[in-house]
Amino acid sequence: MGDQRGCGQGTKDCSREKISKTIFQKIIDRELPAEIVYEDEEIICIKDKFPQAKVHLLLITKKCIPSIHDLEESEYPLMVKILKMVKVLAKKFEIEDNYRIVINRGSGAGQTIFHLHVHLLAGGAHK
Ligand code: AMP
């Protein structure tokens, strides 16, 4: 059985073929194109398709956890990994002196894709 935390649009587990996938799951599964800047077995980092700043990256868990609030204690290491990768990518994109990270939780807070992701933004307008 898959995860039961409601990933995607009212679905149960976006990683299963029989139910709808999030946009990010489709990117992970190479069903949608994206500019991938980093990938390993647990996370993927892509350029945001509609950037709100000069550098706007999305660090996404491959496991489809709907939001930060749904993260279980056993999954905390994923966030540690993402934060470590923020540092690496900030250096790579030469933004290490000034950047923001944003995690939206819930549609009222601006979350549009219910698949855990962290925005990394720098330069120009900020989301
Ligand atoms: P949020 O609003 O926090 O859920 O963030 C979702 C982000 O995904 C937004 O900043 C969108 O611009 C971005 N986005 C939507 N579709 C795509 C896509 N196909 N490829 C890359 N980024 C996307």
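For the structure itself, look to the data block above.
Attention in this report is confined to the structure presented alongside it. Not measured: the values here are computed from a predicted model.

1. So, the overall build of the chain
Then, number 1: The helix and strand tally for the chain stands at 2 helices and 5 strands.
Then, number 2: In the chain, the succession of helices and strands from N to C terminus is α-β-β-β-α-β-β.

2. Digging into the pairing of strand E1 (residues 36–39)
Then, number 1: Bridging between E1 and strand E2 (residues 43–47) involves 3 bridges; their strand directions are antiparallel. Across the sheet, Glu39 pairs through a bridge with Ile44, a residue of E2.
Then, number 2: Following E1, the chain reverses through 3 residues before pairing antiparallel with E2.

3. What about the site of the ligand?
Then, number 1: Around the ligand lies a shell of 13 residues, among which Lys49, Phe50, Asn104, Thr112 and Ile113 are the nearest.
Then, number 2: The residue makeup of the shell around the ligand, split by class, is 7 nonpolar, 4 polar and 2 charged.

4. Comments concerning the sheet that holds E1
Then, number 1: Pairing within the open sheet is antiparallel, and its 5 strands lie in the order E1-E2-E3-E5-E4. This sheet does not close on itself; its edge strands, each paired only once, are E1 and strand E4 (100–102). Shown here is a sheet whose adjacent strand axes are inclined to one another by a mean of 20°, direction ignored.
Then, number 2: Pairing of E2 with strand E3 (residues 55–61), which is carried by 5 bridges, proceeds in the antiparallel orientation. Opposite Lys47, over in E3, you have Leu57 as the bridge partner.
Then, number 3: Running at roughly 40° to E2, helix H2 (residues 76–92) makes contact with E1, E2, E3, E4 and strand E5 (117–122) of the sheet.

5. Examining the environment of Gly106
Then, number 1: With respect to the helices and strands, the residue Gly106 is situated in the loop between E4 and E5.
Then, number 2: With 12 C-beta atoms counted inside 10 Å, the residue Gly106 sits in the exposed group.
Then, number 3: C-alpha of Gly106 to C-alpha of Ile68: the two residues are 38 residues apart in sequence and 9.5 Å apart in space.
Then, number 4: Dropping the residues within four chain positions of it, Gly106 is found in contact with Ser67 and Gln111.

6. Thoughts on the nonpolar core
Then, number 1: Membership of the largest hydrophobic core comes to 18 residues, with the highest contact counts inside it found for Ile43, Ile44, Cys45, Leu58, Leu59, Ile60 and Leu120.
Then, number 2: Counting residues per element, the ones that place at least two in this core are helix H1 (23–28), E2, E3, H2 and E5.
Then, number 3: What Leu58 contacts, discounting residues up to four positions off in sequence, is Cys45, Ile46, Asp48, His117 and His119.

Criteria and thresholds
- Residues numbered from 1 in each chain as written.
- Predicted model: local features only at pLDDT ≥ 70, side-chain atom pairs only at ≥ 80, totals over all residues.
- Helix = DSSP H or I, 4+ residues; strand = E, 2+ residues; numbered from the N terminus.
- Pairing = 2+ DSSP bridges.
- Near = placed C-beta within 6 Å.
- Nonpolar A, V, L, I, M, F, W, Y, C, P; charged D, E, K, R; others polar.
- Axes fitted to C-alpha atoms, helices over the stretch in contact; angles between N-to-C directions.
- Contact = placed C-beta atoms within 7 Å.
- Buried ≥ 20, exposed ≤ 12 C-beta atoms within 10 Å, placed from the backbone.
- Core = buried A, V, L, I, M, F, W, Y, C linked by C-beta atoms within 7 Å.

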